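What the coordinates show
Residue strings, one per chain:
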Amino acid sequence: MVDLEYPYGTVIITIDTELTSGLIRSPNLFSKEYLNLIQKEGENIIRSVLSLFEIYSVPATWGIVGRLFLEKEDIIKEIIRSPIRHDIGCHSFSHVNFKYCGREIAYNDIKKSIIAMKRYNIIPKSFIFPYSSVNYLNILAENGFITFRGKASALKRALFTS
């Protein structure tokens, strides 16, 4: 019998925090006004979720796109200054799909995100793959990541192609 530290089980909550990063890959599909609206609503949702986590004392892993550390400092500071000790994870820098990019692009994207996060004294240990596309696990290991989130079915492929 295993002696569990948490006898009632554990739930891990991860929040993909990208705002419009997933949409700007196809800028012609959306008007600037629509993207601005989505951005503003996304910020409001982040604040609401943060508030709920604080009310119920629930920590989460925030997988944050690195460019937000440069462009949305106000929302980043709100997450960091929460009285709840959240895990601040990396969600790449520019929401690149690791399944379809080369090793050099993946490496540079991760490095750029780490540099942006360092401005806030954050050394990420968790990586949330954009689109849950697991790949290049060796790059994560080389950069000090100890955990990741992605599709389980992609793990076998990633282990043999990284």
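Residues numbered from 1 in each chain as written. Predicted model: local features only at pLDDT ≥ 70, side-chain atom pairs only at ≥ 80, totals over all residues. Heavy atoms only, no water.

Some thoughts on the pattern of salt bridges
What counts, and what does not: In what follows, salt bridge is the name for a side-chain nitrogen of Lys or Arg lying within 4 Å of a carboxyl oxygen of Asp or Glu. A run of H or I in DSSP becomes a helix once it reaches four residues, and a run of E becomes a strand once it reaches two; helices and strands are each numbered from the N terminus. The rule is simple: take the accessible area with a 1.4 Å probe, protein chains only, and divide by the maximum for that residue type; under 20% is buried, over 50% is exposed, in between is partly exposed.
Taken as a whole and assessed by the stated rule, the structure comprises nine salt bridges. For Glu43, the salt bridge identified is with Arg47, shortest N-O distance 4.0 Å. Pair noted here: Glu43 and Arg47 are both in helix 1 (residues 32-55), with a separation of four residues, about one helical turn. On the accessibility criterion, Arg47 (27% relative accessible area) is partly exposed. One salt-bridge network, in which partners are shared between bridges, spans Lys40, Glu43, Arg47, Lys72, Asp74 and Glu78.

Details of the packing of aromatic side chains
The condition is simple: Only rings of Phe, Tyr and Trp enter the pairing, Trp through its six-membered ring, and a pair is recorded when the two centres are within 6.5 Å. The plane angle decides the type: under 30 degrees is stacked, over 60 is edge-to-face, the rest tilted.
For the coordinates displayed, the defined rule picks out eight aromatic pairs. Relative to Phe127, the ring of Phe98 has its centre 5.5 Å away and its plane inclined at 85°; by these criteria the two rings are edge-to-face. Taken together, the positions of Phe98 in the loop between strand 3 (87-90) and helix 4 (103-118) and Phe127 in strand 4 (residues 126-128) put the pair 29 residues apart, joining distant regions of the chain. Judged on exposure class, the residue Phe98 and its partner Phe127 are both buried. For the ring pair Phe127 and Phe145, a centre distance of 5.5 Å and an interplane angle of 80° mean the geometry is edge-to-face. Taken together, the residues Phe127 in strand 4 and Phe145 in the loop between helix 5 (137-142) and strand 5 (147-149) connect sequence positions 18 residues apart. Judged by relative accessible area, Phe145 falls into the buried class, the value being 8%.

Function-wise, these values are silent; they only describe arrangement.
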